[in-house]
Amino acid sequence: MRLLIIEDDYHMNQALKKSLIEEGYAIDAVYDGIEGEAYAESTLYDAIILDVMLPRKDGIAVCRTLRQRGMTTPILMLTARDAIEDRVQGLDSGADDYLIKPFALYELLARLRALLRRTSPQKSGVLVVGDLVINPATHEVMRAGERIKLNTKEFALLEYFMRHPNQVLKREMIESHIWSYDFISASNVVDVYVRRLRRKVDDPFTEKLLETIYGAGYRLCVSKNT
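None of the values given here were measured: they were computed from a predicted structure.

Let us look at the packing of helix α6 (residues 152-162) against helix α8 (residues 189-201). Relative orientation of the contacting elements α6 and α8 amounts to 85°, with a least axis distance of 10 Å. Here α8 runs roughly perpendicular to α6, going by the angle between their axes. Contacts from Lys-153, Glu-154, Leu-157, Leu-158 and Phe-161 in α6 reach Tyr-193, Val-194, Arg-196, Leu-197, Lys-200 and Val-201 in α8. Class assignment of the residues belonging to the contact of α6 with α8 gives a composition of 7 nonpolar, no polar and 4 charged.

This is the structure in structure tokens:
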């Protein structure tokens, strides 16, 4: 999943970026409202973390502009203000949720998972395709009752497939969701990671879920027996 952080405090911005990357997210991070608005409109993010107090253009104005332009990306607003009026103003501008500073990282992660569930057809805490089950909160992966160990990038790729079952995902779509702007990729990076994923979640099992759609991309197929 690819997230955008718009936060002007350098230390908080970088701390959030580092922590979220360790959780397997691809992160772009910017420091003011104008730049954040430009990033948000140039890339399809899975969620945006938006501070209220920003230079050049405040977070409430950024959120309102993005919504007026038809953007439906989930927005989690960060604020040091704890007055009810400030929270109402943020939500009325189009934010989906808010978090008051200071906050615990595990609460931020839980709120992000909740926002991502709103855009997913599967509303429980786990994602299920056939006999394949993953838990975004714990990064556990099970298939046919067997535990599968994935690294963070492999898990991020599988989660993206699991959130879009039966859809053909082009290589460009996969790359833009799994890697951030500052990642310089090889031309076959998606193919390499799909092969790694296949060796772990498909090769040991009779039924194959990951399909190559030649000339198009890849698809995770729902089990015919489900």
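Still more ground to cover, so stick around.
Time to look at the side chain of Thr-79. Among the structural elements, Thr-79 can be located in strand β4 (residues 75-79). Those residues within four positions of Thr-79 in sequence are excluded, and the remaining contacts are Asp-51, Val-52, Leu-99, Ile-100 and Lys-101.

Let us now look at helix α2 (residues 33-42). Burial in α2 covers these residues: Gly-33, Gly-36, Glu-37 and Ala-40. Here the buried residues of α2 occupy an arc of 100° about the axis, which is enough to place them on one side. If you check the start of α2, you find a side-chain oxygen 3.0 Å away from the backbone N of Ile-34, and it comes from Asp-32.

Turning next to the pairing of strand β1 (residues 2-6). For β1, the buried fraction is high: 5 of the 5 residues fall into the buried class. Residues Arg-2, Leu-4 and Ile-6 of β1 are buried on one face, and the alternating residues Leu-3 and Ile-5, pointing to the opposite face, are buried as well. Pairing analysis gives 5 bridges linking β1 to strand β2 (residues 26-30), with the strands arranged parallel. Residue pairing in the sheet places Leu-4 in a bridge with Asp-28 of β2.

Once that is clear, we can look at the environment of Val-190. With respect to the secondary-structure elements, Val-190 resides in helix α8. With 19 residues separating them in the primary sequence, Val-190 and Arg-171 have C-alpha atoms 6.3 Å apart. With near-sequence residues (within four places) excluded, Val-190 lies in contact with Arg-171, Ile-174, Glu-175, Trp-179 and Tyr-218.

Let us look at unusual backbone geometry. In this chain, Lys-101 is followed by Pro-102 through a cis amide linkage whose omega measures -5°. Position of Pro-102 relative to the elements: it lies in the loop between β5 (97-100) and α5 (105-118). The backbone of Ala-144 shows a phi angle near 50°, a positive value even though the residue is not glycine.

Once that is clear, we can look at the domain arrangement of the protein. As far as domains go, the protein holds domain 1 (2-119) and domain 2 (127-220). Here the C-alpha centre of domain 2 lies 26 Å away from the C-alpha centre of domain 1. Taken together, the contacts link 17 residues of domain 1 with 13 residues of domain 2. Buried area between domain 1 and domain 2, both sides added, is near 1200 Å², and the carbon and sulfur share of it is 46%. Summed over the three residues of domain 1 that lose the most area to domain 2, namely Arg-2, Gly-24 and Arg-113, the buried surface amounts to 38% of that side. The interface formed by domain 1 and domain 2 holds 0 salt bridges in total. The interface formed by domain 1 and domain 2 includes 4 residue pairs in polar contact (both at pLDDT 80 or more). For the side of domain 1 that touches domain 2, the elements supplying multiple residues, two or more each, are α1 (10-22), β2, α2 and α5. For the side of domain 1 that touches domain 2, the residue count by class is 6 nonpolar, 3 polar and 8 charged.

Here the focus is the side chain of Asp-97. Tracing the backbone shows Asp-97 in strand β5. Judged by its relative accessible area of 14%, Asp-97 falls in the buried class. What Asp-97 contacts, discounting residues up to four positions off in sequence, is Ile-75, Leu-76, Met-77, Leu-91, Arg-111 and Leu-115.

What follows is about the sheet that holds strand β8 (residues 140-143). Taken together, 4 strands build an open sheet; the order of strands is β6-β7-β8-β9 and the sheet is antiparallel. Looking at the sheet topology across the chains shown, the edges are occupied by β6 (127-129) and β9 (146-148). With strand direction ignored, the average angle separating the axes of adjacent strands in the sheet is 20°. Here α6 sits on the sheet in contact with β6, β7 (132-135) and β8, set at roughly 115° to β7.

Cut-offs used in this document
- Residues numbered from 1 in each chain as written.
- Predicted model: local features only at pLDDT ≥ 70, side-chain atom pairs only at ≥ 80, totals over all residues.
- Heavy atoms only, no water.
- Axes fitted to C-alpha atoms, helices over the stretch in contact; angles between N-to-C directions.
- Helix = DSSP H or I, 4+ residues; strand = E, 2+ residues; numbered from the N terminus.
- Parallel < 35°, antiparallel > 145°, perpendicular 65-115°, else oblique.
- Contact = heavy atoms within 4.5 Å.
- Nonpolar A, V, L, I, M, F, W, Y, C, P; charged D, E, K, R; others polar.
- Buried < 20%, exposed > 50% of the residue type's maximum accessible area, 1.4 Å probe, protein only.
- Arc of directions from axis to C-beta.
- Polar contact = N/O pair within 3.5 Å; in protein donor to acceptor, adjacent residues only side chain to side chain.
- Pairing = 2+ DSSP bridges.
- Domains from an automatic or database assignment.
- Buried area = accessible area lost by both parts, 1.4 Å probe.
- Salt bridge = Lys/Arg side-chain N within 4 Å of Asp/Glu carboxyl O.

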